[in-house]
Amino acid sequence: MKLGAIEAGGTKFVVCIGNEKGEIFDRASFPTETPEKTMKHVFAYFDDKQIDAMGVACFGPIDPNPESSTYGYITTTPKEGWQHFNIVGVLEERYHIPIIFDTDVNGAMLGETYFGAAKGLSNALYLTIGTGVGGGAIVGGKLVHGLVHPEMGHILLRVREDDTFSGNCPYHATCFEGLAAGPAIEARWNKSAKELDENHPAWDLEAYYIAQALVTYTLTLSPEKIILGGGVMHQKQLFPMIHHYFQTYLNNYVQKEEITTNRIKDYIVYPMLGDNAGVVGALSLAISALKK
Ligand SMILES: Nc1ncnc2c1ncn2[C@@H]1O[C@H](COP(=O)(O)OP(=O)(O)OP(=O)(O)O)[C@@H](O)[C@H]1O
Ligand SMILES: [Zn+2]
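Cut-off values and rules
Position labels on residues start from 1 in each chain and follow its written sequence. Lettering of chains starts at A and numbering of ligands starts at 1, both following the order in which they are written. The predicted origin of the model limits local features to residues at a pLDDT of at least 70 and limits the giving and counting of side-chain atom pairs to 80 or more, whereas totals for whole chains, interfaces and linings rest on all residues. Remark: hydrogens and water are excluded; side-chain values derive from all non-hydrogen atoms of the structure. UniProt positions are given in the numbering used here, feature names are shortened, and annotations may be inferred rather than shown by experiment. For helices, the axis comes from a line fit to the C-alpha atoms of the stretch in contact; other axes are also lines fit to C-alpha atoms, and the angle between any two N-to-C directions lies between 0 and 180 degrees. The way it works is that DSSP assigns letters per residue, a run of H or I at least four long becomes a helix, a run of E at least two long becomes a strand, and they are numbered from the N terminus. In this scheme, roughly parallel covers angles under 35 degrees and roughly antiparallel covers those over 145, while 65 to 115 is roughly perpendicular and the rest are oblique. By convention, the crossing between two helices is left-handed when the near helix turns anticlockwise from the far helix through less than a right angle, and right-handed when the turn is clockwise. In this analysis, two residues are considered to be in contact whenever any of their non-hydrogen atoms come within 4.5 Å of each other. For this scheme, ten residues count as nonpolar: Ala, Val, Leu, Ile, Met, Phe, Trp, Tyr, Cys and Pro. Four count as charged, namely Asp, Glu, Lys and Arg, and the remainder, Gly too, count as polar. Disulfide assignment relies on a single distance test, namely cysteine sulfur atoms paired within 2.5 Å. Here the term buried applies to any residue with accessible area under 20% of the maximum for its type, exposed to any over 50%, and partly exposed to those in between, with areas from a 1.4 Å probe on protein chains only. Pairing between strands requires that DSSP locate at least two bridges from one strand to the other. Each metal site is built from N, O and S donor atoms within 2.8 Å (3.2 Å for Na, K and Ca), and since water is not included, such sites may look incomplete. Every angle between 85 and 135 degrees makes a four-donor site tetrahedral, while opposite donors more than 155 degrees apart, with all other angles between 65 and 115, make a four-donor site square planar and a six-donor site octahedral; other sites are irregular. pLDDT is a per-residue confidence score from the predictor, ranging from 0 to 100. One heavy atom within 4 Å of a molecule or strand makes the whole residue count as near it. For the purposes of these results, a polar contact is taken to be a pair of N or O atoms within 3.5 Å, where, inside protein, one atom must be able to donate a hydrogen and its partner to accept one; residues adjacent in sequence count only when each atom of the pair is a side-chain atom. Note on areas: these come from Shrake-Rupley sampling with a 1.4 Å probe, and a residue is covered only by the protein chains present in the view.

- If you look the chain up in an unreviewed UniProt entry, it shows as fructokinase from Breznakia blatticola.
- Per UniProt, the chain has the following entry under Sequence similarities (unreviewed entry): "Belongs to the ROK (NagC/XylR) family."
- Among the UniProt annotations of the chain, the heading Cofactor (unreviewed entry) holds the following wording: "Mg(2+)".

## What to know about the packing of helix 6 (residues 201-221) against helix 7 (residues 238-250)
Next, step 1: The contact between helix 6 and helix 7 brings their axes to 8 Å, and the two run at 50°. Taken together, helix 6 and helix 7 sit at an angle that is classed as oblique. Judged by the sense of rotation from one axis to the other, the crossing of helix 6 with helix 7 is right-handed. Contacts between helix 6 and helix 7 involve Trp203, Asp204, Glu206, Ala207, Tyr208, Ile210, Ala211, Gln212, Leu214, Val215, Thr218 and Leu219 on the former and, on the latter, Leu238, Met241, Ile242, Tyr245, Phe246, Tyr249 and Leu250.
Next, step 2: Across the contact of helix 6 with helix 7, the residue classes tally to 15 nonpolar, two polar and two charged.

## Some details on the state of the cysteines
Next, step 1: Taken as a whole and assessed by the stated rule, the structure comprises zero disulfides.
Next, step 2: Here Cys16 is not disulfide-linked; the sulfur of Cys58 is the nearest cysteine sulfur, at 15 Å.
Next, step 3: Accessibility expressed as a relative area gives 0% for Cys16, which makes it buried.

## Structural notes on the sheet that holds strand 9 (residues 133-139)
Next, step 1: With mixed pairing, the five strands of this open sheet are ordered in space as 10-9-8-11-12. Bordering the open sheet on either side are strand 10 (142-143) and strand 12 (268-269), each of which pairs with just one other strand.
Next, step 2: As paired strands, strand 8 (residues 124-129) and strand 11 (residues 226-229) are joined by four bridges and run parallel to one another. Counted as the bridge partner of Leu125 is Ile226 from strand 11.

## Some remarks on the coordination of the zinc ion (ligand 2)
Next, step 1: Within the protein, the atoms that donate to the zinc ion (ligand 2) are His154 (ND1), Cys169 (SG), His172 (ND1) and Cys175 (SG), at distances of 2.1 to 2.4 Å.
Next, step 2: For the zinc ion (ligand 2), the four donor atoms in the first shell make angles of 103 to 121° at the metal, a pattern classed as tetrahedral.
Next, step 3: Sequence positions of the residues that donate to the zinc ion (ligand 2) give the spacing H-x14-C-x2-H-x2-C. Here His172 lies in the loop between strand 10 and helix 4 (176-180) and His154 lies in the loop between strand 10 and helix 4, a separation of 18 residues in the sequence.

## Here's the deal with the confidence of the model for the chain
Next, step 1: When pLDDT is averaged along the chain, the result is 96; 100% of the residues meet or exceed 70.
Next, step 2: Model confidence for the complex: the whole-complex pTM is 0.96, and ipTM, which rates the interface, is 0.96.

## Brief notes about the sheet that holds strand 1 (residues 3-8)
Next, step 1: The mixed open sheet is built from five strands, whose spatial order is 3-2-1-4-7. Strands with a single pairing partner mark the edges of an open sheet, and in this sheet they are strand 3 (24-31) and strand 7 (99-103). Each adjacent strand pair in this sheet contributes to an overall mean axis angle of 15°, direction not counted.
Next, step 2: One ladder, built from five bridges, connects strand 4 (residues 53-58) with strand 7; its direction is parallel. Note on strand 7: the bridge partner recorded for Met54 is Ile99.
Next, step 3: Packing of helix 3 (residues 104-115) onto the sheet brings it into contact with strand 4 and strand 7, and relative to strand 7 it is tilted by some 110°.

## Considerations on the site of ligand 1
Next, step 1: Around ligand 1, the surrounding shell holds 15 residues, and the nearest of these are Thr131, Gly132, Glu186, Gly231 and Gln235.
Next, step 2: One nitrogen or oxygen atom from the side chain of Glu186 is found 2.5 Å from an oxygen atom belonging to ligand 1.
Next, step 3: Here an oxygen atom of ligand 1 sits 2.9 Å away from a polar atom, N or O, in the main chain of Gly231.
Next, step 4: Taking 630 Å² as the accessible area of ligand 1 by itself, protein coverage stands at 69%.
Next, step 5: For the shell around ligand 1, the element with the most residues is helix 5 (residues 182-189), which contributes three residues.
Next, step 6: Looking at the shell around ligand 1 residue by residue, the classes come out as three nonpolar, ten polar and two charged.

In structure tokens:
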């Protein structure tokens, strides 16, 4: 089987050809411009490839519900030109193959479930902390969808007493994303997140907010593993601090071997697919088409 995958990101598109084992044979990437220009690149890449199915892991918000009249659309994104763009529609019209469409984070979750850190698990969470914060989850062996899809980056958090930053989410100010995404770190400390020293107090506060959110997800979704990706998580010193605050916040309310001090480093982890999580995720969506 020859499978195609598109990791449709707000900054760049990654396209690839792979197979059902998650192997990637060829890939390309280009910046996200207008839909017209970007889709021209997509078509130029796939037109002569003869693929059997395609996975599209897309920035959101999107409509992933096949029963809905706007299925396959990118919906209310602030990304110029992409509002209400029927990305699945144009791909189906051109290729006439099964296309599986989901959020970028649900894709990454599926990739980690098939080939990575959550292999074999039926309940897990994938979170990215980058320009935005987003989460994808698998519960009872199925990716979570519902009214639309989860928007885990926008849960409301308690602001720590010593944090005077007012939060920069245009909708909620001090939600998770408004307090802890890359741009929030940069606005709070007036410095690029990449350039902050690993001992800077920014990271302790960052770990505090991430852990607070993770406790909420553990209490609501009961994941067996939590995977943290995205640019900000390149700061590996965050992990032990997150483990510590997670346990402090949870305060032994959930008592399971997996989240004890000795084992928690295997409960809250970095993606096993690393920076490939996105594109292998999109490929995994294509693979899931074969399982239907
Ligand atoms: N090494 C790093 N350390 C800390 N922060 C980083 C690092 N690399 C990137 N970032 C921050 O992560 C953000 C970019 O996120 P990412 O690299 O995941 O790209 P993205 O695809 O634009 O994000 P998103 O997944 O939200 O669309 C920027 O705000 C940047 O400051
Ligand atoms: Zn918000």
